[in-house]
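For reference, the chains in residue letters:
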Amino acid sequence: MMNDNGVLVQAHDLTMRFGGLVALDRLDMQVFKGEVLGLLGPNGSGKTTFFNVLTGLYRASSGHVTLDGQEVVGKSPQEVYRMGVARTFQRSRLSLSLTVFDNIVIGDYQNMHRGIVFNLLRRRAFRQEYERYVEKVRALLKIFSPALLDHLFEAVGTFTMIDRRRIEVCRALIGDPSLLLLDEPSAGMTHDETAELMSDILQVREKVTGLTVILIEHEMNVIERITDRCVVLNFGQKISEGTYAQITADPIVQTAYLGGEDDQ
Ligand code: ADP
Ligand code: MG
């Protein structure tokens, strides 16, 4: 279905219940093509749940969420991945004993050629595919993390937090997604590391044409610098949206954040 109104993601009446708990409560929101959208809200407000529904990991209890006009609810994570959605997780999912290369390429395992038997029988084809991935990973790192280019075949466990995050973002980008979901990428990093990672992410957005990003992030200065627009959740409902200036001036947002949140 063609969709030329500039909307990439449209949630309508989207509800996710866990028993008696309503994690997403009749959520309506949209994300426009090419924008960086900040998704904000106190802990437990449903931000990660939205990612889980949008990636097919959870099936919404009711309502809809569409990607470029196509329904996502009911699709498997594999199907949603093939629709062009990639993510990073709040907690790191790297395999520390594997190399940088392996960790990045694993992100695209669903698109790899016909599995291991094929590869054993057709070593030549396997070799070609492997070379293609090496080229692709190099191209990604060149944009995003040139310092890692010389460490492609070293185990991830030896790298700093920020390099590991970069590797996770590259893993998400390896399948050429049109939508990138970042769940608190700065978690556990220092102020300086956070600033560095964010300028890398801006770089990615500049270099990867047409990429749309949804960023869950607590650091408000990061949100201010990097987002075009924000949506604020509280108890699974959208309580505010607009530019950084608009949402931070919104009394409803200030009330929701009163009482503070435990920054993790
Ligand atoms: P956020 O990412 O905004 O901090 P979450 O989306 O992780 O919040 O969680 C929203 C609410 O849903 C929380 O109350 C959380 O405990 C609950 N929740 C999230 N995932 C599950 C799950 N798999 N089972 C039960 N409750 C869940
Ligand atoms: Mg979360």
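Up top is the structure.
This is a predicted model, so every value here is computed, not measured.

S.K.: How do you make sense of the packing of aromatic side chains when you look at a structure like this?
M.R.: The geometry of an aromatic ring pair is captured by the separation of the ring centres together with the interplanar angle, meaning the angle of the planes. The final tally for this structure, using the stated rule, is three aromatic pairs. Here the aromatic rings of F18 and Y58 are separated by 5.5 Å at their centres, their planes lie at 80°, and the arrangement is edge-to-face. Residue F18 is located in strand β1 (residues 7–18), and its partner Y58 is located in the loop between α1 (47–54) and β4 (62–67); the two are separated by 40 residues in the primary sequence. When its relative accessible area of 35% is taken as the criterion, F18 is described as partly exposed. Measuring from ring centre to ring centre gives 5.4 Å for F101 and Y130, while their planes differ by 70°; the resulting arrangement is edge-to-face. Taken together, the residues span a long stretch of sequence, with F101 in helix α3 (residues 100–105) and Y130 in helix α5 (residues 123–144) at a distance of 29 residues. The exposure class of Y130 is partly exposed, given its relative accessible area of 29%. Through successive ring pairs, a cluster of aromatic residues spans F101, Y130 and F153. When the ring centre of F89 is taken as reference, the NZ or CZ atom of R93 above it lies at 3.7 Å.

S.K.: Help me understand the pattern of salt bridges, please; the structure alone is not making it clear to me.
M.R.: On inspection of all chains with the given rule, the structure shows twelve salt bridges. Residues R132 and E129 are paired through a salt bridge, measuring 4.0 Å at the closest nitrogen-oxygen approach. One end of the pair is R132 and the other is E129, both in helix α5 and three residues apart, which spans about a single turn. Here R132 falls in the exposed class, since its relative accessible area comes to 52%. For D228, the salt bridge identified is with R205, shortest N-O distance 2.5 Å. Highlighted residues: D228 in the loop between α8 (220–226) and β9 (229–234) and R205 in helix α7 (residues 191–207), separated in sequence by 23 residues. Residue D228 is classed as partly exposed on the basis of its relative accessible area, which comes to 36%.

S.K.: Looking at this structure, how should I read unusual backbone geometry?
M.R.: Excluding glycine, residues mostly carry a negative phi; peptide bonds, for their part, are mostly trans. In the Ramachandran plot, R26 falls in the positive-phi region, its phi being about 50° despite a non-glycine side chain. Since its relative accessible area comes to 54%, R26 is described here as exposed. Positive phi is not limited to glycine here, since D176 has a value of about 50°.

Reading guide: rules and limits
- Residues numbered from 1 in each chain as written.
- Chains lettered and ligands numbered in written order.
- Predicted model: local features only at pLDDT ≥ 70, side-chain atom pairs only at ≥ 80, totals over all residues.
- Heavy atoms only, no water.
- Phe/Tyr/Trp six-rings, centres within 6.5 Å; stacked < 30°, edge-to-face > 60°.
- Helix = DSSP H or I, 4+ residues; strand = E, 2+ residues; numbered from the N terminus.
- Buried < 20%, exposed > 50% of the residue type's maximum accessible area, 1.4 Å probe, protein only.
- Lys NZ or Arg CZ within 6 Å of the ring centre and 35° of its normal.
- Salt bridge = Lys/Arg side-chain N within 4 Å of Asp/Glu carboxyl O.

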